[in-house]
Amino acid sequence: MPSDAILCRSLKKYYADVKAVDGLELSIAAGECFGLLGPNGAGKTTTIEILEGLTPADSGDVEILGMTWRRDERALRERIGISLQETQLAEKLTVLETLRLFRSFYRNGHDPDELLRDLSLDEKRDARVGKLSGGQRQRLAAACALVGDPDILFLDEPTTGLDPQSRLQLWDVVQRFRQKGGTVLLTTHYMEEAERLCDRVAIIDHGHLIALGTPAELIGKLEAPHIIEFTSEPPLSEDIWKRLPGCHGMTAKNGSWMLRVDSLADAVPKLLATIDEQGSKLVTLSTHAATLEDLFVSLTGRELRDA
Amino acid sequence: MPSEVRPALIELTSVRTKEFLRETEAVFWVFGFPLILALALGFAFRDKPPDRVPVAVIEGPAAAEQLAALSKSPALIPRVMKEADAREALRHGKVSVVIANDAKGVVYRFDPTRPEARVARQDADDALQRARGRRDVVPAHEEHVREQGARYIDFLLPGLLGMNLMGTGMWGMGFTIANARMKKLLKRLVATPMRKSDYLLAQFLSRLLFLIVETTVLVAFGWLVFGVRVNGSILLLMLTCIVGGYAFSGIGLLTVSRAKTLEAVSGMMNLIMVPMWICSGIFFSYERFPETVKPVIRALPLTLLNDALRMVMNDAAGLAEVAPRLLALAVWGVVSFLIGLKIFRWQ
């Protein structure tokens, strides 16, 4: 048994107008929860679908549980569970009918009724899929992924568009799967989701890996654990940050400046004094501990959710 | 207690069947619509005595005598009209023949391209000649044919059955598959260990059930309401319906094998079905088409099916006589299915 559950080397997939995946290397250990992070169009979905054996790569190697899609497709399908980004399950079927259908595809797996209880869907077992809420649908999609008792779970944006409570319920599903030793690969553009669930995170942009590590390591790479966000009237010039103690850089965001600093206690008084000296007036000021979002902004100059 | 796990093929078939039955509109179009169509057409073309044809006699000295003579004919409704009115009535088709008199005798004015006008002219002439004393030299009498199997509804019902089998066969495949592809359900299914052949086979299996039901409903309806009998073997009729239904399922699979949207499917379905609605002898015999295109028409799957259905229902044909057509239908179905499978787009 190889220790890598998922392995890919020099993965490339070019479409006519875009390099969706451009030389990606990943190795994900068995039992690990790994997050692929990036803005829309970064190549997350293309990557995960290549790994799921649904999209052929232009070049590069993929090994899942030591097997390849070309040689061992059927055996692999028995051992992985997938939730696609935008599958609409048949609306006219009930929850239980849907899950029994998916169960019938696998040689071994969970009892559909038990699984529905585990996912708090047993009250809805006879409800039509078309009548479910967004959160219930996502849990049913997760149930369909889990029903074959997989070793690896692939989740493509499992909580996009869900309310906070539904999101917590789904996180709970993922964590319980991990407690039983399962490996998880998920894509997301929610930072807190990655920080909360993932052992390691890869940030990708334009099909390239731009950062890889545990959430704490990655945030540590920022060299600056705190972010000061402020606006002033008139705005300050761009080189102002060089005068502040322990400041590592400044980025613009929606008309305000974001400063990355070592210590709030040192930087904030000096910032206020500087604004005063410049004959400017502070309009807004807020601070927070650095997140993966800040890392992404500092790496690319753009925001993750560049909606 | 864990529930038992049934084989994927059975689950897929049962799910497909339930989905269809829960789709109220689909149930109507498959079962209700053909019945309504058969009912409407059956009544429109029900048996009744031949219509009497209106003819006009121009006002004049001979008019009264001619009107009396024509009134004795069971095929004509004569009336006296002024010259100008009669011309107008003829032009508008309100009368089929205008009867005038000139120096040489009686003049029949009519459009010879209209069959009922030619018949009315003949009837009018007979009535007028007999009234003046003509005797037939050869004794003759008529025998009227009204046998079951020769009425319009007897011709129509197998055609409707064929049309329905084509529509439900094509749409039964087309709609579900295109819909599942659009909603990425197909993609989700191929991400499991499901055998692709199981999925397609389940579509065919669940069709079998509906095929038997829709055939039975339409045939029973024709028999109960219009007395349309199946003169041949019921089993052979069932076999013909199943072969025909599956041929169209195969063609439906090919039609939908690559389409990405319901609009594209709908367009292609119509492109394939409309020519057959017109040419394949549903409502009228294709014998009226020119000789040169008939071989093509005869090879169309709906023509093959309609001919086979009429042979069994109307002419009591046996398996040996129908076999060539069933074989040709099976070739249509199998070849379409294999090509469709080859080029099928799962995502």
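Bear in mind that the values here come from a model prediction, so they are computed numbers and not experimental data.

Trainee: Please explain the sheet that holds strand β12 (residues 256-261) of chain A as it appears in this structure.
Mentor: Backbone hydrogen bonds hold the strands of a sheet together, and the pairing may be parallel or antiparallel. All names here are of chain A. With antiparallel pairing, 4 strands are arranged side by side in an open sheet as β11-β12-β10-β13. Looking along the sheet, the strands with just one partner apiece sit at the ends: β11 (247-253) and β13 (281-289). The sheet shows a mean angle of 20° between the axes of neighbouring strands, direction not considered. Relative to β13, strand β10 (residues 226-233) is paired through 8 bridges, and the arrangement is antiparallel.

Trainee: Is there a simple way to think about the sheet that holds strand β4 (residues 59-64) of chain A in this case?
Mentor: All names here are of chain A. If you walk across this open sheet you meet the 3 strands as β2-β1-β4, and the pairing is antiparallel. The strands lining the two open edges of the sheet, one partner per strand, are β2 (19-29) and β4. When the angles between neighbouring strand axes are averaged without regard to direction, this sheet yields 15°. Pairing geometry for strand β1 (residues 4-14) and β2, over 8 bridges, is antiparallel. Along β2, the bridge assignment pairs K12 with D22.

Trainee: Would you mind going over the packing of helix α9 (residues 234-256) of chain B against helix α12 (residues 301-313) of chain B with me for this structure?
Mentor: Each pair of packed helices can be described by the angle between their axes along with the distance between the axes. All names here are of chain B. Look at α9 against α12: their axes get within 10 Å of each other, and the N-to-C directions meet at 170°. The orientation of α9 with respect to α12, classified from their angle, is roughly antiparallel. Facing L236, L237, T240, G244, A247, F248 and I251 of α9, the residues of α12 in contact are P301, L305, A308, L309, V312 and M313. Partitioning the contact of α9 with α12 into residue classes produces 11 nonpolar, 2 polar and no charged.

Trainee: Hey, could you run me through the interface of chain A and chain B in this one?
Mentor: Accessible area lost upon the coming together of the parts serves often as the stated size of an interface. Every contact between the two is made by 25 residues of chain A and, on the other side, 23 residues of chain B. Breaking the side of chain A that touches chain B down by element, the ones donating at least two residues are α2 (69-79), α3 (95-104) and α4 (112-118) of chain A. Tallying contributions element by element places α3 of chain A first for the side of chain A that touches chain B, with 6 residues. Taken together, the residues of the side of chain A that touches chain B sort by class into 11 nonpolar, 3 polar and 11 charged.

Trainee: Before we go on, may I ask you to explain the environment of V18 of chain A in this structure?
Mentor: With respect to the helices and strands, V18 of chain A occurs in the loop between β1 and β2. Placed 98 residues apart in sequence, V18 of chain A and L116 of chain A show a C-alpha to C-alpha distance of 41 Å.

Trainee: Help me understand the pairing of strand β1 (residues 53-58) of chain B, please; the structure alone is not making it clear to me.
Mentor: Remark: a regular strand shows side chains that alternate across the two faces of the sheet. All names here are of chain B. Summarising burial for β1: 5 of the 6 residues are buried, a large majority. This β-α-β element, β1 to helix α3 (residues 63-71) to strand β2 (residues 76-81), shows right-handed connectivity. Bridge count for β1 against strand β3 (residues 97-102) is 3 bridges, and the pairing is parallel. Its bridge partner being in β3, A56 is matched across the sheet by V98.

Trainee: Can you help me understand the nonpolar core in this one?
Mentor: Membership of the largest hydrophobic core comes to 92 residues, with the highest contact counts inside it found for L51, A143, F154, V184, L185 and L292 of chain A. Considering every element that reaches this core, the biggest residue donor is helix α5 (residues 134-146) of chain A, with 7 residues. Those residues in contact with V184 of chain A that sit more than four places away from it in its chain are C33, F34, L153, L155, V174, F177 and R178 of chain A. F155, V243, V256 and V322 of chain B belong to the second largest nonpolar core, which has 53 residues in total.

Here is what the cut-offs are and how they apply
Residues numbered from 1 in each chain as written. Chains lettered and ligands numbered in written order. Predicted model: local features only at pLDDT ≥ 70, side-chain atom pairs only at ≥ 80, totals over all residues. Pairing = 2+ DSSP bridges. Helix = DSSP H or I, 4+ residues; strand = E, 2+ residues; numbered from the N terminus. Axes fitted to C-alpha atoms, helices over the stretch in contact; angles between N-to-C directions. Parallel < 35°, antiparallel > 145°, perpendicular 65-115°, else oblique. Contact = placed C-beta atoms within 7 Å. Nonpolar A, V, L, I, M, F, W, Y, C, P; charged D, E, K, R; others polar. Buried ≥ 20, exposed ≤ 12 C-beta atoms within 10 Å, placed from the backbone. Right-handed = clockwise from strand over helix to strand, strands pointing away. Core = buried A, V, L, I, M, F, W, Y, C linked by C-beta atoms within 7 Å.

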